Amino acid sequence: MSAADTTTPAKVPPQRQAPPPGPPPPPRRAASAKGGAATPWLLLAPCLLILAGVMGYPLVRLVTLSFQKFGQSQLWGFQQPESVGFANFSKVLGDGDFWQVVLRTIGFTVGAVVFTMVLGMLVALLLQRVSGWVKTLINIALVASWGMPVIVATTVFKWLFDADYGILNALASKLPGVDLIGHNWFASGPEGLAVIMLLVVWGAVPFVVITLSAGLTQVPAELEEAARLDGAGSWGVFRYVTLPVLKPVIVMLTTLSVIWDMGVFPQVFVMRNGHPEAQFQLLTTYSYDRAFVVNDYAQGSAIALITVVLLLGVVAVYMRQMLKIGEVE
């Protein structure tokens, strides 16, 4: 008998059978899906109601007044408001003074926004290169100036640039060849608007600096180091590394600055003692002057509505830029 015949064959274990498939999961109910989609709207409903009451009614009233004849007689109820169609807009758009105010407002806004963004960027970059306690002191000063009420800041600037008691004239006159004693900064429109622009920039820079400083913390240090190893200088690192990362923040800040600076009112109104001269009129003060000085509330509403349309154009550009940035990302 051979060894092969005496060897006991190995037993192969039986294969395990796969368990039968369980029942399919029940389909989600359409009601739960609808409820999940409606949850954000329910959470936003209180805020939307408040916005509709606080902003919706004044805007509707503004549009209504701009298409009516509405003066003091209509305000006190002696006469009923009359619908005049686009007569108020035709009168405003056909007025040469209005277009001068528009150009003045655009120039004022562009200058204020450019100076705000450039100065804010320089200060934000400087804060990245100073020690911790210096950065803390600067941030405290920025927050304090940002939190100062506009009326208080305007009063301080009036004192600084006063013709008789202004400290700026006194300090500048100590320089050789400079004599500003008794100089009136508001004798001409360009100089006066430059002072008001400086006030607006002073109040807007803290917000820009704080926001850009937060954005600079998101710039990868590895990319900056790689750019320097490739031979890029400080300007090259800022242009090709820092600036693209900060682009969404810069677009947002620029848009907000344009909206805020086009809506400047208390700085001009208080600086000119409640009666801005013609060379100091911006769209906001011009609308106020027509409504509450000339007592033509309909024409003032038409000017305000045109200002809103201009601002909506700025918002449209902002949304388009943000959508482009979102598509790239």
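These lines cover the structure that appears in this document, whether it is placed above or below. (Residues numbered from 1 in each chain as written. Predicted model: local features only at pLDDT ≥ 70, side-chain atom pairs only at ≥ 80, totals over all residues. Heavy atoms only, no water.)

## Focus on a nonpolar patch on the surface
On the surface, a nonpolar cluster with roughly 830 Å² of combined accessible area is contributed by M148, V152, V156, W159, Y165, I167, L168, L171 and W202. Among the elements of the structure, α7 (150-160) and α8 (167-172) are those that each provide at least two residues to the nonpolar patch. Position of V152 relative to the elements: it lies in helix α7. Classification of V152 as partly exposed rests on a relative accessible area of 40%. (Patch = residues over 30% accessible without salt bridge, like charges linked within 9 Å, V, L, I, M, F, W, Y side chains within 5 Å. Areas by Shrake-Rupley, 256 points an atom, 1.4 Å probe, with all protein chains shown as cover. Salt bridge = Lys/Arg side-chain N within 4 Å of Asp/Glu carboxyl O. Helix = DSSP H or I, 4+ residues; strand = E, 2+ residues; numbered from the N terminus. Buried < 20%, exposed > 50% of the residue type's maximum accessible area, 1.4 Å probe, protein only.)

## Some points on the pattern of salt bridges
Two side chains that carry opposite charge are able to pair once their charged atoms sit near each other. The final tally for this structure, using the stated rule, is 1 salt bridge. Between E277 and R272 there is a salt bridge whose closest N-O contact spans 2.9 Å. Take E277: its relative accessible area is 29%, and that puts it in the partly exposed class.

## Some details on the nonpolar core
Ranked by size, the top nonpolar core spans 33 residues in total, and within it F98, L212, L253 and L283 carry the most contacts. Sorting the residues of this core by element identifies α4 (87-93), α5 (96-127), α9 (189-216), α11 (234-262), α13 (283-293) and α14 (297-328) as the ones contributing at least two each. Here this core takes 9 residues from α11, the largest share from any one element. With residues near it in sequence (within four places) discarded, F98 still touches V92, L93, L283, Y286, I303 and I306. Ranked by size, the runner-up nonpolar core spans 25 residues in total, among them L127, F161, V200 and F280. (Core = buried A, V, L, I, M, F, W, Y, C linked by side-chain atoms within 4.5 Å. Contact = heavy atoms within 4.5 Å.)

## What to know about the packing of aromatic side chains
This structure, assessed with the given rule, holds 17 aromatic pairs. Between the aromatic rings of F98 and W99, the centroid separation amounts to 5.3 Å while the plane-to-plane angle is 70°, which identifies the pairing as edge-to-face. Judged by centre distance (6.2 Å) and plane angle (50°), the rings of F186 and F280 are tilted. Taken together, the positions of F186 in the loop between α8 and α9 and F280 in the loop between α12 (266-271) and α13 put the pair 94 residues apart, joining distant regions of the chain. With a relative accessible area of 12%, F186 lands in the buried category. Exposure remark for F280: the relative accessible area of 0% places this residue in the buried category. R272 extends its terminal NZ or CZ atom over the ring of F280, reaching a point 5.0 Å from the ring centre. (Phe/Tyr/Trp six-rings, centres within 6.5 Å; stacked < 30°, edge-to-face > 60°. Lys NZ or Arg CZ within 6 Å of the ring centre and 35° of its normal.)

Structural measurements only, silent on function.
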